[in-house]
Amino acid sequence: QVQLVESGGGVVQAGGSLGLTCAASGRTFRGDAMAWFRQAPGKEREFVASITWSGSDTAYAGSVKGRFTIARDNAKKTVYLQMNSLKPEDTAVYYCATRAGWGTSFIRPYDYDYWGQGTQVTVSS
């Protein structure tokens, strides 16, 4: 079993920045990919970003590319999401997730095996 705990959510004005953290515990394996998803009220959960075990490869949704950065520290079993130039449409609950192996096609929630409880991000206009 893998446990994921997100933190760092909050309220920020449009144009501002926020950093999210996801701490993993329990069973983790070399090769596991990490990802961030988000879900706004009344909408489906959508892919935000993902990263390989080594951090050498990343993937982003088009809506966040150039504004968000995903990174990880395997020694700390932690993945980060730095969000800059935030927009009101970025408002959502943000979740981290993990799966064995990485690929650019793994952008659907059912591609991932373990999930955190989520952290709320609210961007005010």
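Parameters at a glance
- Residues numbered from 1 in each chain as written.
- Predicted model: local features only at pLDDT ≥ 70, side-chain atom pairs only at ≥ 80, totals over all residues.
- Heavy atoms only, no water.
- Salt bridge = Lys/Arg side-chain N within 4 Å of Asp/Glu carboxyl O.
- Helix = DSSP H or I, 4+ residues; strand = E, 2+ residues; numbered from the N terminus.
- Buried < 20%, exposed > 50% of the residue type's maximum accessible area, 1.4 Å probe, protein only.
- Disulfide = S-S within 2.5 Å.
- Contact = heavy atoms within 4.5 Å.

So, the pattern of salt bridges
Phase 1 of the analysis: All chains considered together, the criterion is met by four salt bridges.
Phase 2 of the analysis: For the salt bridge of Arg-67 with Asp-90, the shortest nitrogen-to-oxygen distance reads 2.8 Å. One end of the pair, Arg-67, is in the loop between strand E6 (58-60) and strand E7 (68-73); the other, Asp-90, is in the loop between strand E8 (78-83) and strand E9 (92-100), with 23 residues separating them in the sequence.
Phase 3 of the analysis: The class of Arg-67 is buried, set by a relative accessible area of 11%.
Phase 4 of the analysis: Overall, the relative accessible area of 1% leaves Asp-90 in the buried class.
Phase 5 of the analysis: Through salt bridges with shared partners, a single ionic network connects Arg-38, Glu-46, Arg-67 and Asp-90.

Observations regarding the state of the cysteines
Phase 1 of the analysis: Inspection of the entire model under this criterion finds one disulfide.
Phase 2 of the analysis: Sulfur-sulfur distance for the disulfide between Cys-22 and Cys-96 comes to 1.9 Å. Judged by the sign of its S-S torsion, about 45 degrees, the bond between Cys-22 and Cys-96 is right-handed. Taken together, the residues span a long stretch of sequence, with Cys-22 in strand E3 (residues 18-26) and Cys-96 in strand E9 at a distance of 74 residues. Like Cys-96, Cys-22 is buried.

Some remarks on the environment of Lys-87
Phase 1 of the analysis: Turning to its location among the elements, Lys-87 is positioned in the loop between E8 and E9.
Phase 2 of the analysis: It is 9.3 Å that separates the C-alpha atoms of Lys-87 and Thr-122, two residues lying 35 residues apart in sequence.
Phase 3 of the analysis: In this view, Lys-87 contacts Arg-67 and Val-123; residues no more than four positions away in its chain are not counted.

Everything listed here is a matter of coordinates, which is why it stays silent on function.
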